[in-house]
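Inside the fold
These are the residues of each chain, in order.
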Amino acid sequence: MSIIGEQTEYGIKHNTRIKIFPDGKREVLCASRQIFRAPGYEAREEVSKKTDSKKPISATDAADNLARARRRARTAIRDLALCNPMAYFITLTFDAEKIDRYDMREIMRKVNGWLDNRVRRNGLAYIIIPEFHKDGAIHFHGFINDALPLVDSGTMIPPGGGKPKRPRSAAQRIAWADAGGHTVWNIPGWKYGFSTAIHLYGNYDSAVGYVCKYIGKESQKIGGRWYYHGGKLRHPDVVYADMNWEDVAAMPGGTSFQTDTAEGVTFAIARR
């Protein structure tokens, strides 16, 4: 493995990016040509793009930019979740009598204040994603650590999954729990609407992938951002190198693929 890369008058490029997570796992992403630029180097073409930023953008370029931004947001959420194991999947909704559920600016003034307070007082760490209801109202899904006090909502995810239901009796509640049902909790400190918190269970990577799919549900950023995060969160260490993409694809669990926004480039990815 080389760490020299392709040196040009514009900087240094490599064809492989390696993310190293706190648990020692690595994600190797290798391209068929040098496309990753080491930090501290700015390519001339990027400067040119900034200079030409006032030029009209074609519909194709706009779609490509949106797809790229959405993909980067999913990757960022995944990296944060894998570096900072979370405890609960949460949903936060808004009561129309307490806040305008359609006004993202008003919502974020309230939500940011609440989150910042919980980070300072409770040590909250969070990753949340805004989403539209069918009627255009806004709510959030995401992850939190185990810093907040919770109360039993009285409902459970029944064995086998599905929507939360209220057991008919204490005996049924015990039976559901014994059969793999899961308690649905509320966050008593959430004062702007309804909340649920479900302890993460099963395969953690699958749960992370499930949350990342919320990024793809909307055709636009809500309030100018794909997601919000805060608290003491770690990021993966990143190093750049040069490898043969076919060797990476041949690693256990490795695979190759192409993207619409990187024409002519073949990628290989392996996680180990």
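Refer to the structure above for everything that follows.
A short tour of the structure in this document, coming up.

Scoring rules and cut-offs
Residues numbered from 1 in each chain as written. Predicted model: local features only at pLDDT ≥ 70, side-chain atom pairs only at ≥ 80, totals over all residues. Heavy atoms only, no water. Helix = DSSP H or I, 4+ residues; strand = E, 2+ residues; numbered from the N terminus. Contact = heavy atoms within 4.5 Å. Areas by Shrake-Rupley, 256 points an atom, 1.4 Å probe, with all protein chains shown as cover. Buried < 20%, exposed > 50% of the residue type's maximum accessible area, 1.4 Å probe, protein only. Pairing = 2+ DSSP bridges. Salt bridge = Lys/Arg side-chain N within 4 Å of Asp/Glu carboxyl O. Phe/Tyr/Trp six-rings, centres within 6.5 Å; stacked < 30°, edge-to-face > 60°.

Moving on to the overall build of the protein. Tallying secondary structure elements over the protein gives six helices and 15 strands in all. Long-range contacts, defined as pairs at least 24 residues apart, comprise 66% of the intrachain contacts of the protein with a sequence gap of at least 6. In the form shown here, the protein has an accessible surface area of approximately 15,700 Å², with 49% of it arising from carbon and sulfur atoms.

Counted residue by residue, strand 3 (residues 16–20) has four buried out of five residues, so it is predominantly covered. The turn joining strand 3 and strand 4 (residues 26–31), which pair antiparallel and follow one another in sequence, is formed by five residues; a positive phi near 95° is taken by Gly-24. Of the pairings in the sheet, the one linking strand 3 to strand 13 (residues 237–241) comprises five bridges and is antiparallel in character. Along strand 13, the bridge assignment pairs Lys-19 with Val-238.

On to the pairing of strand 8 (residues 138–144), then. Among the seven residues of strand 8, seven are classified as buried, and the element is accordingly described as predominantly covered. Neither face of strand 8 is left uncovered, since the one carrying Ile-138, Phe-140, Gly-142 and Ile-144 and the one carrying His-139, His-141 and Phe-143 both have all their residues buried. Where strand 6 (residues 88–92) and strand 8 come together, five bridges link them in antiparallel fashion. Its bridge partner lying in strand 8, Thr-91 is registered against His-141. Linking strand 7 (residues 126–132) to strand 8, which pair antiparallel, is a turn of five residues; within it Gly-136 sits at a positive phi near 95°.

Moving on, we get to the side chain of Asp-79. One can find Asp-79 in helix 2 (residues 59–83). By relative accessible area, which is 9% here, Asp-79 ends up buried. Not counting residues up to four positions away in its chain, the partners in contact with Asp-79 are Lys-19, Phe-21 and Pro-236.

What follows is about the pattern of salt bridges. Tallying each qualifying case throughout the model produces five salt bridges. Between Arg-101 and Asp-135 there is a salt bridge, with the nearest N and O atoms lying 3.3 Å from each other. Separated by 34 residues along the polypeptide, Arg-101 in the loop between strand 6 and helix 3 (104–122) and Asp-135 in the loop between strand 7 and strand 8 bring together distant segments of the chain. Judged by its relative accessible area of 45%, Asp-135 falls in the partly exposed class. Between Arg-173 and Asp-152 there is a salt bridge whose closest N-O contact spans 2.3 Å. Within this pair, whereas Arg-173 is found in helix 4 (residues 170–178), its partner Asp-152 is found in strand 9 (residues 151–157), the two being separated by 21 residues in sequence. By relative accessible area, Arg-173 is classed as partly exposed at 23%. Among the residues examined, Asp-152 registers a relative accessible area of 37% and is labelled partly exposed.

Let us now look at the packing of aromatic side chains. Per the stated rule, a full pass over the model turns up ten aromatic pairs. Seen in terms of ring centroids, Phe-94 and Phe-140 are 6.0 Å apart; in terms of plane orientation they differ by 70°. Their pairing is edge-to-face. Within this pair, whereas Phe-94 is found in the loop between strand 6 and helix 3, its partner Phe-140 is found in strand 8, the two being separated by 46 residues in sequence. Judged by its relative accessible area of 0%, Phe-140 is buried. These aromatic residues form a ring-pair network of at least three members: Phe-94, Trp-114, Phe-140, Trp-190, Tyr-192 and Tyr-228.

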